[in-house]
There are 2 protein chains.
Amino acid sequence: MKEKRTLQSVQKLLLAFFRQNRRMPSFSEMVDLLGVRSKSVVNFWIEKLIEARILEKDGKGHLSFTKQAFAIPRVGSIQAGFPSPEEEVLSDAISMDEYLIARPDASFLLQVSGDSMTGAGIMAGDLVIIEKGRAPKTGDIVVAEVDGEWTMKYFQKQGKQIVLVAANPRYPDIRPRSELRLGGVVTAVVRKYHG
Amino acid sequence: MKEKRTLQSVQKLLLAFFRQNRRMPSFSEMVDLLGVRSKSVVNFWIEKLIEARILEKDGKGHLSFTKQAFAIPRVGSIQAGFPSPEEEVLSDAISMDEYLIARPDASFLLQVSGDSMTGAGIMAGDLVIIEKGRAPKTGDIVVAEVDGEWTMKYFQKQGKQIVLVAANPRYPDIRPRSELRLGGVVTAVVRKYHG
DNA sequence: TTGACAACAGAACGATGGTTCTATATACGG
DNA sequence: CCGTATATAGAACCATCGTTCTGTTGTCAA
């Protein structure tokens, strides 16, 4: 039985290749990938994909995916009426890496343990993205070393005094003496449900 | 004044190009990119980057970034002792897209409004990633249409009866009659702090 | 059966890609 | 000042790339 080639199936194959190799396949590679025997067939599909704004080609014939091809669709809010899969608004589609991490070279991940920030919606096991070298403002969540121990707290500035407040009221406020080593500012929280 | 080229600066330039064009620059393009005038200089740096496991080359000379080049470093948990930026463990580095979204073509994003899932650490304004066509298990968070309205709730199966429970106890449990249209299962939560 | 059309095969072509080699410029220690 | 090492320049080379053209196969309606 012969698989019928469709725009979606071709796009899927190319995307799979890209995700694995982090580059576009060449026309010759696509010949194998699509299971055809001629580059002109590949060219036919490539033009279709360009027309569909999934691929784009610069002046010298270099292929690349559009932003749209990577992103996953983003629909409105739940209470505003939940659209059916067919009427998804594809116009506003984003990539997680791009959305979450503004400065990749100054950021790192940290796995949270403990319940001191549960009130802020940061649970044990969550991953937080921390940006180094950013000046915290009051209300920001920071990672700091206070008296030899690292903790994650709300940052507050009362006059000249700095106060670190936990979201969980069971934990006391911390007023560091002079030494406050700042690990960074929490810019995002990420939680993945196993499965 | 002439900028000294370093491994980091070259990597940064190439990464910037990649992020913008979603493909590797060619050697000729790198000549312009690095501000040199010969491809052999480019080749010199490429080899350095390959040695540093930032780039890799397949049999036919096709360049691509390694996984490592994209990912941001992940350090241990806070309470386990917070490493300084110098001693970051780079071995376990992940990309957000890859980490969060197992099936990109079956997933979409939804912005949360309301406080019905606050107890589960899902706040208003958060972005949830929803996977379609997955069979929910008890304890999963699902998006479902109950009697004409879309909501996000815990999924529970008591015998043959399905119960939708909010994390916020102020909301009553929902026991749908027969019609329960399932939008999908929440596989991840993402929150970005503005700034 | 035939005609029309779409999908595909295959080869030829010029341009560009990465590679390699040799020559020149710069920095630095003695 | 000299000699050595390192970084850069420039040119030549061929495999591969994407492009294009012509011809073949397959499908479906009349």
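All of the points below concern the structure found in this document. (Residues numbered from 1 in each chain as written. Chains lettered and ligands numbered in written order. Predicted model: local features only at pLDDT ≥ 70, side-chain atom pairs only at ≥ 80, totals over all residues. Heavy atoms only, no water.)

1. Looking at unusual backbone geometry
Next up, step 1: In this model, R22(A) sits at a positive phi of 55°, which is unusual for a non-glycine residue.
Next up, step 2: One can find R22(A) in the loop between helix 1 (7–21) and helix 2 (27–34).
Next up, step 3: Look at R53(B): it is not a glycine, yet its phi comes out positive at around 60°.
Next up, step 4: Within the element layout of this structure, R53(B) appears in the loop between helix 3 (39–51) and strand 1 (55–57).
Next up, step 5: Accessibility expressed as a relative area gives 61% for R53(B), which makes it exposed. (Helix = DSSP H or I, 4+ residues; strand = E, 2+ residues; numbered from the N terminus. Buried < 20%, exposed > 50% of the residue type's maximum accessible area, 1.4 Å probe, protein only.)

2. Here we look at the interface of chain A and chain B
Next up, step 1: Of the residues lining the interface, 70 residues belong to chain A; the matching set on chain B comes to 70 residues.
Next up, step 2: Across the interface of chain A and chain B, roughly 6200 Å² is buried in total on both sides, 60% from carbon and sulfur atoms.
Next up, step 3: The residue D58(A) makes a salt bridge to R23(B) at a minimum N-O spacing of 2.8 Å.
Next up, step 4: At the boundary of chain A and chain B, one finds 22 residue pairs in polar contact (both at pLDDT 80 or more).
Next up, step 5: Among the elements that take part in the side of chain A that touches chain B, strand 10 (residues 180–192) of chain A stands out by supplying nine residues, more than any other. (Contact = heavy atoms within 4.5 Å. Buried area = accessible area lost by both parts, 1.4 Å probe. Salt bridge = Lys/Arg side-chain N within 4 Å of Asp/Glu carboxyl O. Polar contact = N/O pair within 3.5 Å; in protein donor to acceptor, adjacent residues only side chain to side chain.)

3. Focus on the protein's contact with DNA strand C
Next up, step 1: Around DNA strand C, the structure places 17 residues, and the nearest of them are R37(A), S38(A), F27(B), S28(B) and K39(B).
Next up, step 2: Within 4 Å of the protein, the atoms of DNA strand C are drawn from sugar and phosphate moieties in a proportion of 53%.
Next up, step 3: Backbone polar atom of R37(A) to a phosphate oxygen of DNA strand C: 2.8 Å apart, as the coordinates give it.
Next up, step 4: The separation between a base oxygen of DNA strand C and a polar side-chain atom of S40(A) is 2.9 Å.
Next up, step 5: Of all the secondary structure elements, the ones that give two or more residues to the surface near DNA strand C are helix 3 (39–51) of chain A together with helix 2 (27–34) and helix 3 of chain B.
Next up, step 6: Here the element with the most residues in the surface near DNA strand C is helix 3 of chain A; it accounts for four residues.
Next up, step 7: Here the surface near DNA strand C is built from residues that sort into five nonpolar, eight polar and four charged. (Near = heavy atom within 4 Å. Nonpolar A, V, L, I, M, F, W, Y, C, P; charged D, E, K, R; others polar.)

4. Considering the side chain of E131(A)
All names here are of chain A.
Next up, step 1: With respect to the helices and strands, the residue E131 is situated in strand 6 (residues 127–131).
Next up, step 2: With relative accessibility at 5%, the residue E131 sits in the buried group.
Next up, step 3: Polar contacts involving the side chain of E131 include one to the side chain of R134, which spans 3.5 Å.
Next up, step 4: Residues contacting E131, with those up to four places away along its chain left out, are R103, A106, S107, G184, V185 and T187.

5. A closer look at the packing of aromatic side chains
How two aromatic rings sit relative to each other is given by the distance of their centres and the angle of their planes.
Next up, step 1: Enumeration over the complete set of coordinates arrives at nine aromatic pairs over all chains.
Next up, step 2: Judged by centre distance (5.3 Å) and plane angle (80°), the rings of F44(B) and W45(B) are edge-to-face.
Next up, step 3: Looking at W45(B), the relative accessible area reads 13%, which means it is buried.
Next up, step 4: Sitting over the face of the ring of Y99(B), K192(A) holds its NZ or CZ atom 4.5 Å from the ring centroid. (Phe/Tyr/Trp six-rings, centres within 6.5 Å; stacked < 30°, edge-to-face > 60°. Lys NZ or Arg CZ within 6 Å of the ring centre and 35° of its normal.)

6. Let's talk about the protein's contact with DNA strand D
Next up, step 1: Taken together, 17 residues lie around DNA strand D, and F27(A), S28(A), K39(A), R37(B) and S38(B) are the ones closest in.
Next up, step 2: Backbone atoms, meaning sugar and phosphate, form 53% of the atoms of DNA strand D found within 4 Å of the protein.
Next up, step 3: In this structure, S26(A) approaches DNA strand D through a side-chain N or O atom, which is 3.0 Å from a phosphate oxygen.
Next up, step 4: Here R37(B) contributes a backbone N or O atom positioned 2.8 Å from a phosphate oxygen of DNA strand D.
Next up, step 5: Those elements that provide at least two residues to the surface near DNA strand D are helix 2 and helix 3 of chain A together with helix 3 of chain B.
Next up, step 6: Here the residues of the surface near DNA strand D are counted per class, giving five nonpolar, eight polar and four charged.

7. Comments concerning helix 1 (residues 7–21) of chain B
All names here are of chain B.
Next up, step 1: Over its 15 residues, helix 1 extends 21 Å from the first C-alpha to the last, a length consistent with the 21 Å expected when each residue adds 1.5 Å.
Next up, step 2: Among the residues of helix 1, V10, Q11, L14, L15, F17 and F18 are the ones counted as buried. All buried residues of helix 1 lie within an arc of 160° about the axis, which places them on one face of the element. Of the residues in helix 1, the exposed ones pointing more than 90 degrees away from the buried face are Q8, K12 and Q20.
Next up, step 3: Note on helix 1: the residue one or two positions beyond its end, R22, has a positive phi of about 55°. (Expected span 1.5 Å × (residues − 1). Arc of directions from axis to C-beta.)

8. A word on helix 3 of chain B
Given 3.6 residues per turn, any residue in an α-helix points the same way as the ones three and four places further on.
All names here are of chain B.
Next up, step 1: With 13 residues, helix 3 extends 18 Å between its outermost C-alpha atoms, agreeing within 8% with the 18 Å of an ideal straight helix rising 1.5 Å per residue.
Next up, step 2: The complete set of buried residues in helix 3 reads V42, W45, I46 and L49. Seen end-on, helix 3 carries its buried residues on one side only, within an arc spanning 105°. Among the exposed residues of helix 3, those oriented more than 90 degrees off its buried face are S40 and E51.
Next up, step 3: Here the buried face of helix 3 lies against helix 1, helix 2, strand 1 and strand 2 (63–65).
Next up, step 4: The first or second residue beyond helix 3 is R53, which carries a positive phi of 60°.

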